[in-house]
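# Architecture and fold: a report
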Amino acid sequence: MKVLVTGGCGFIGSHMVRQLLADGWQVTNLDNLTYASNPANLASAMDDPGYRFVHGDICDAPLVKELVAGQDLVLNFAAETHVDRSLLGPAAFVRANVEGVVCLLEAIRDDGHAELIQMSTDEVFGSVPDPEESAEDRPFRPSSPYSASKAAAELQVAAYRTTYGLPVTVLRGCNVYGPNQHLEKFIPLFAARSMRREPLPLYGDGLQQREWIHVSDLVHAISMVIRAGSETQRGAIHIGSGERRTNIEIAQRICDLNERPHELITHVKDRAGHDRRYALDSSRLRSLGWAPEVPFEHGLARTVVWYVANSSRDDPAFASYLREQYEVRLAGAANAAK
Ligand code: DAU
């Protein structure tokens, strides 16, 4: 069986490519190698005869058409994913996350054979009041340019299903953590900065709640959906762990794991439009027999150790992003403390 994985050099994509190769798939990985991609994530796959890498963009219609032809499955992980960057520049998110998906859908329509699995997010629902959980049919209320772009992509996917009868499945994940995630994200950033005794910029009061799944559990869930095949596909499925924590709890735990004082945690100006809480109802997936295997406390401890050993990335573009995102915030917090 043949699969086209898009965004396979990114965090989730690279873990998924390794799993697909282990399961015996012929994998073509289309990735345009943006700042968030890291080909080293797939160094172990390079010599696998079942693996092919193509450097290119999901918005390149002729290329995408050529690559989709003959595939059994297309798994779309190619996306701009960082909410804070979507606040700084939304256009890149519309291009990759909406236009890119339409380009894939057109190629699949033209090919007439491949199925699509589109990776989406719990953020399409916006903030979910406690103790509610979002079931698959909850209406969308995205808050950020990022989540609006993912919701728009989902609407296109649904339209192609309804209008052209395309075999498409949407998977909505909660917050994913584990090795190889970009350092811009909360857990890697706080793990790396606490190790270096740098202030940890916690947005607002830090009482926002997220649901966290280890990347290995996410990959197993996606594999299960693929194995379950078209009977269970053709709709949306939620992949949530039920492990819900406030940001401040996690920040404190990371300090403890790195043996650093909680005083490193610095409350800074909140993210604009910051959603308070996400919570997925994942009973549909659990009815297929899936359950997460990595308890959050264990997964977090392992992940922090990994970032302590693997976070020395000398990247001028990232240093410049960090200045743009945090310099004024951290200076504001220091002034407020005087
Ligand atoms: O919920 C799924 C989503 O999780 C995915 O769809 C997104 O692609 C992914 O980026 C992630 O979005 P979040 O905004 O939840 O992740 P992030 O790691 O940016 O932030 C997690 C929480 O931590 C969020 O409430 C904001 C907070 N935070 C984050 C950063 C980077 C801070 O307080 N300070 C920070 O410096």
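Everything here concerns the structure above.
Residues numbered from 1 in each chain as written. Predicted model: local features only at pLDDT ≥ 70, side-chain atom pairs only at ≥ 80, totals over all residues. Heavy atoms only, no water.

## Focus: the site of the ligand
Not every one of the 24 residues close to the ligand is listed here, only the nearest: Asp122, Tyr146, Asn175, Arg271 and Tyr326. Interatomic distance of 2.5 Å between a side-chain N/O atom of Tyr146 and an oxygen atom of the ligand. Between an oxygen atom of the ligand and a side-chain N or O atom of His274, the distance comes to 2.7 Å. Considered on its own, the ligand offers 690 Å² of accessible surface; in the complex 95% of this is hidden by protein. Only α3 (83-88), α6 (186-195) and β8 (200-203) provide two or more residues apiece to the shell around the ligand. Residues of the shell around the ligand, tallied by class, amount to 11 nonpolar, 6 polar and 7 charged. (Near = heavy atom within 4 Å. Polar contact = N/O pair within 3.5 Å; in protein donor to acceptor, adjacent residues only side chain to side chain. Areas by Shrake-Rupley, 256 points an atom, 1.4 Å probe, with all protein chains shown as cover. Helix = DSSP H or I, 4+ residues; strand = E, 2+ residues; numbered from the N terminus. Nonpolar A, V, L, I, M, F, W, Y, C, P; charged D, E, K, R; others polar.)

## Things to note about the sheet that holds strand β5 (residues 115-121)
Strand order across the open sheet formed by 7 strands is β3-β2-β1-β4-β5-β6-β10, with parallel pairing between neighbours. If you trace the sheet from one side to the other, it starts and ends with β3 (51-55) and β10 (236-239), each paired once. Averaged over all adjacent pairs, the angle separating strand axes in this sheet is 20 degrees, with direction ignored. Of the pairings in the sheet, the one linking strand β1 (residues 2-6) to strand β2 (residues 26-31) comprises 5 bridges and is parallel in character. By the bridge assignment for β2, Lys2 is matched with Gln26. (Pairing = 2+ DSSP bridges. Axes fitted to C-alpha atoms, helices over the stretch in contact; angles between N-to-C directions.)

## Considering the sheet that holds strand β7 (residues 175-177)
With respect to topology, 3 strands assemble into an open sheet ordered β7-β9-β11, the strand pairing being mixed. Among the strands making up the open sheet, the edge pair consists of β7 and β11 (244-246). If you compare each strand with its neighbour and ignore which way they point, the axes differ by 50 degrees on average. Note that strand β9 (residues 209-214) and β11 share 3 bridges and pair antiparallel. Considered in β11, the bridge of Gln209 is made with Thr246. Here helix α8 (residues 247-257) sits on the sheet and contacts β9 and β11; the angle it forms with β11, its principal contact strand, is near 80 degrees. (Contact = heavy atoms within 4.5 Å.)

## Thoughts on the packing of α6 against helix α10 (residues 296-310)
The geometry of a pair of packed helices is captured by two quantities: the angle between their axes and the separation between those axes. With their axes 9 Å apart at the nearest point, α6 and α10 run at an angle of 55 degrees to one another. When the axis of α6 is compared with that of α10, the two are oblique. Between α6 and α10 the crossing geometry is right-handed. On α10, the residues that touch Ile187, Pro188, Ala191 and Met195 of α6 are Phe296, Leu300, Thr303, Val304, Tyr307 and Val308. Its residues assigned to classes, the contact of α6 with α10 shows 9 nonpolar, 1 polar and no charged. (Parallel < 35°, antiparallel > 145°, perpendicular 65-115°, else oblique. Left-handed = near helix turned anticlockwise from the far one by under 90°.)

## Observations regarding empty space enclosed by the protein
On inspection of all chains with the given rule, the structure shows 1 cavity of 30 Å³ or more. In this structure, the largest cavity encloses a volume near 60 Å³. Lining the largest cavity are Val83, Glu123, Ser143, Ser144, Ser147, Arg210, Arg271, Ala272, Gly273, His274, Asp275 and Tyr278. Per-domain counts for the lining of the largest cavity show at least three residues from each of domain 1 (2-177 + 214-239) and domain 2 (186-208 + 243-274 + 296-337). (1 Å grid on protein atoms, 1.4 Å probe; cavity = no way out; pocket = protein on both sides within 12 Å on 5 of 7 lines; lining within 4 Å. Points joined across faces, edges and corners; volume = space filled by probe spheres on them. Domains from an automatic or database assignment.)

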